[in-house]
Amino acid sequence: MEKYDYHIFSPYRVCPLGAHVDHQHGLVTGFAIDKGVDLWFNIRKDSTVSLRSLTFEGSVEFDLAKRTEVKEKQWGDYARGAKYALKKRFDLTYGIDGVIKGSLPVGGLSSSAAVLIAYVMAFAKANGILLRPFEIAQIASEAEREYIGLNNGLLDQACIALGKKDQLLFLDCDTNEYRHVKFGKSIHSTFEVSHNDEREENTSDGTPLFEIGIFFSGLTRSLVNSDYNLRVFECKTAAWNMLAYQNMPLKTFDKTFLRDIPKEVFEKTRDMMPSRFARRAEHYYSEYRRVRQGVTAWETGNLQLFGKLSFDSCESSIHNYECGSPELISIYNIIRPLRGVYGGRFSGAGFKGAVIALVDPKYKAEIEHTLTEQYLAEYPEYENTFKVFWVTPDDGARFVK
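Position numbers for residues count from 1 along each chain, tracking the sequence in the order it is written. Under the rules for a predicted model, residues below a pLDDT of 70 receive no local features and side-chain atom pairs below 80 are neither given nor counted, while totals for whole chains, interfaces and linings still include all residues. In computing side-chain values, all of the structure's heavy atoms are included and hydrogens and water are not.

Engineer: Help me get a handle on helix H8 (residues 303-319), residues and values and all.
Structural biologist: Since the α-helix advances by 3.6 residues per turn, residues separated by three or four positions end up pointing in the same direction. Taking 1.5 Å as the rise per residue, H8 with 17 residues should run 24 Å; its terminal C-alpha atoms sit 24 Å apart, in good agreement. Throughout, exposure labels follow a simple rule: accessible area from a 1.4 Å probe, protein chains only, divided by the maximum for the residue type, with under 20% read as buried, over 50% as exposed, and the rest as partly exposed. Secondary structure counts use DSSP, requiring at least four H or I residues in a row for a helix and at least two E residues in a row for a strand, with both numbered from the N terminus. Among all positions in H8, only Leu303, Phe306, Gly307, Leu309, Ser310, Phe311, Ser313, Cys314, Ser316, Ser317 and Ile318 are buried. What a helix should span is 1.5 Å times the count of its residues minus one.

Engineer: Help me get a handle on the pairing of strand S5 (residues 96-102), residues and values and all.
Structural biologist: In short, DSSP must find at least two bridges between two strands for them to pair. Here seven bridges tie strand S2 (residues 27-43) to S5, and the two strands are oriented antiparallel to one another. Counterpart to Leu39 in the pairing with S5 is Ile100. Pairing of strand S3 (residues 48-53) with S5 involves four bridges; the strand directions are parallel. When the bridges of S5 are listed, Leu51 appears paired with Gly98.

Engineer: Residue-level account of the packing of helix H5 (residues 228-245) against helix H7 (residues 275-299), with values.
Structural biologist: All axes here are fitted lines through C-alpha atoms, helices being fitted over the stretch that makes contact, and every angle between N-to-C directions spans 0 to 180 degrees. At a minimum axis separation of 8 Å, H5 and H7 run at an interaxial angle of 95°. Considered as vectors, H5 and H7 are oriented roughly perpendicular to each other. Along the contact surface, H5 presents Arg231, Glu234, Cys235, Thr237, Ala238, Asn241 and Met242, while H7 presents Arg276, Phe277, Arg280, Ala281 and Tyr285. Lys, Arg, Asp and Glu make up the charged group, whereas Ala, Val, Leu, Ile, Met, Phe, Trp, Tyr, Cys and Pro make up the nonpolar group; the residues left over, Gly among them, are polar. Here the residues of the contact of H5 with H7 are counted per class, giving six nonpolar, two polar and four charged. Orientation is classified from the angle alone, with under 35 degrees giving roughly parallel, over 145 giving roughly antiparallel, 65 to 115 giving roughly perpendicular, and any other angle giving oblique. We call two residues in contact whenever any of their non-hydrogen atoms come within 4.5 Å of each other.

Engineer: Explain the packing of aromatic side chains residue by residue, including any values.
Structural biologist: In this analysis, rings of Phe, Tyr and Trp, with Trp reduced to its six-membered ring, are considered paired at centre separations within 6.5 Å, and the interplanar angle assigns stacked below 30 degrees, edge-to-face beyond 60, and tilted for intermediate values. Under the defined criterion, the tally for this structure stands at 23 aromatic pairs. Following the ring pairs from residue to residue traces out a cluster consisting of Phe31, Phe183, Phe210, Trp298 and Phe306. In this scheme, the term charge over a ring applies when either NZ of a lysine or CZ of an arginine sits within 6 Å of the ring centre and within 35 degrees of the ring normal. Positioned over the ring face of Phe399 is Lys125, at 5.7 Å from the centre of the ring.

Engineer: Help me get a handle on the environment of Gly213, residues and values and all.
Structural biologist: Position of Gly213 among the secondary structure elements: in strand S10 (residues 211-216). Between the C-alpha atoms of Gly213 and Arg231, which are 18 residues apart in sequence, the distance is 27 Å. Apart from residues no more than four positions distant in its own chain, Gly213 is found in contact with Val355, Ile356, Ala357, Phe389 and Trp390.

Structural measurements only, silent on function.
If you want it as structure tokens, here you go:
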């Protein structure tokens, strides 16, 4: 590879609690992880952007100074999306020559958000624009909503931009307030796990209490072409139903969120609306409660409770939010009773992609062996694409020296 002056690492993310609620202004949690997207680049003296990928075929070239082009439905659209959102705020004069590479071929880890953040940071650097991490997250999220066409919230971008190693990000998607939550080190940080082994945050040999398993089903998906946007509209329709049944003022659809409606209103109206909308709302309100409980569990060092809440989140995703392919549900059902698995759920939108789990590192080999054997016995067609990866929490997107 030729020499480049700048190198950005933009991590993937996982969300142990707070599934499918960011677009309704809910509460979410997440980690940036130590795998992600690398972007190497040089700053040009003109406004041309010239990119190639070590992951996908073809090259991309466009002019930052000109009006944003229409989507071409290939990997370069994410660079164009970053340009689109930045140009709403700043003049862009200087382009880049760059090469980009992803480190995991896995759906469900928000690789699109990681790529967008990398491009936002690179274009800002080239043009002398100083952005705080949360601003980067907001600009990248706007690019994905308005240019790419995914009606997402802020979860993915916030985790990627704001992540801190070994700390849980807790974000309120209504107020945009956030904090980094350290794992509890009080008397509660010692607990009994399922295999009757009492441990603290680290073992005596320095091994971390948990690692994150990423179990890739072998399926890939595009969120824009999945039922992701449909679920967003169903949640908003549920909110509209509740407001209408209670003769409360209606807002325009784009400004209607479940967060604005008290749970008491849902309890009064749940039996009046079509059951599919009631189930979407049930997931939102129950997930709000689980996140609150989960943050407390994390602060007090109760990883067993935190893991159980993550499992409960996945159950609600399956039965109330109604996502999850048969392959993902199979992986989830296999790992749930395994020794050393604290908790887990679908990652990302949960229609295809991956399942994540917080696991005891002592049992990684056993978990991987059992899961691989049982999953491929059920789905032998994925023998060449099913993958297991092990990652740890990491800092957010950054320039690498």
